[in-house]
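Topology and contacts: notes
As a plain string of letters, each chain reads:
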Amino acid sequence: MKYYILFGPPGAGKGTHSGAISEKYNLKHISTGELLRAEIAAGTELGQKAKSLISVGALVPDEVVEGMIENAFDTIKGVDGFLLDGFPRTLAQAEALDAILAKRGESVTAVVSIMIPDELIYKRIEGRALIEGRADDADRSIIKHRIDTYHSQTEPLIAFYKEQGKYYEVDVTGETIEENRQRVLKLMETIE
Ligand code: AMP
């Protein structure tokens, strides 16, 4: 099985490009953010707890998302691998992922990192807010908190995966979504 991580700051386009990648490589796309929003929509206890954190742009506890990922690995069949989107977001999650995969005799295949500068994040997220209506996209101070959280908690994962020789980066500041998608797909072709 392949285990790809689609990495990047909020608003870089992880969700946008995940469809084309998972289709091409027969992967199951797993977005922890989407799973959490589904829990909120369903009104579950987990969703209620997550809502107050998500609405201020804070991360939910590591164990919550780690459990979701392990559950997905246990239950989803019939694919050649997984495309993780929005997970891992902390070093503790990255280490937990390694442990979860090691138990199965597997390991992370590659980290595909899609990069845009902070100024562009605001522009893209504010555009997305008009289309998707996510509450955490609508407020500049919440977006700023998510970007700060990305820099402080998630960016250290770059060094972690570089050290393992699994880190691949692509610039997605192109003008159109299609141009950026082609850049991501081209990068993926270079990964063994
Ligand atoms: P996303 O859709 O990936 O932007 O995620 C939306 C929100 O869900 C984030 O701002 C966090 O509050 C929460 N979330 C998603 N994935 C994780 C994760 N791996 N660890 C902690 N919180 C997460």
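Structure: see above.
Residues numbered from 1 in each chain as written. Predicted model: local features only at pLDDT ≥ 70, side-chain atom pairs only at ≥ 80, totals over all residues. Heavy atoms only, no water.

**Overview of the site of the ligand**
- Taken together, 16 residues lie around the ligand, and Thr32, Arg37, Ala58, Gly86 and Gln93 are the ones closest in.
- Separating a nitrogen atom of the ligand from a backbone N or O atom of Val60 is a distance of 3.1 Å.
- Interatomic distance of 3.2 Å between a side-chain N/O atom of Arg134 and an oxygen atom of the ligand.
- For the ligand, the protein covers 96% of the area, taking 480 Å² as the surface of the free molecule. (Near = heavy atom within 4 Å. Polar contact = N/O pair within 3.5 Å; in protein donor to acceptor, adjacent residues only side chain to side chain. Areas by Shrake-Rupley, 256 points an atom, 1.4 Å probe, with all protein chains shown as cover.)

**Comments concerning the pattern of salt bridges**
- For the structure on display, the rule yields 14 salt bridges.
- Close ionic contact of Glu70 with Lys103 constitutes a salt bridge, the shortest N to O distance being 2.8 Å. Here Glu70 is found in helix H4 (residues 62–75), whereas its partner Lys103 is found in helix H5 (residues 91–103), with 33 residues between them in sequence.
- Look at Lys103 and you get exposed, because its relative accessible area is 64%.
- Here Asp136 ties to Arg146 by a salt bridge, and the two come within 3.9 Å at their closest N and O atoms. Here Asp136, found in the loop between helix H6 (118–132) and helix H7 (140–154), pairs with Arg146, found in helix H7; they are ten residues apart in sequence, far enough to count as distant. (Salt bridge = Lys/Arg side-chain N within 4 Å of Asp/Glu carboxyl O. Helix = DSSP H or I, 4+ residues; strand = E, 2+ residues; numbered from the N terminus. Buried < 20%, exposed > 50% of the residue type's maximum accessible area, 1.4 Å probe, protein only.)

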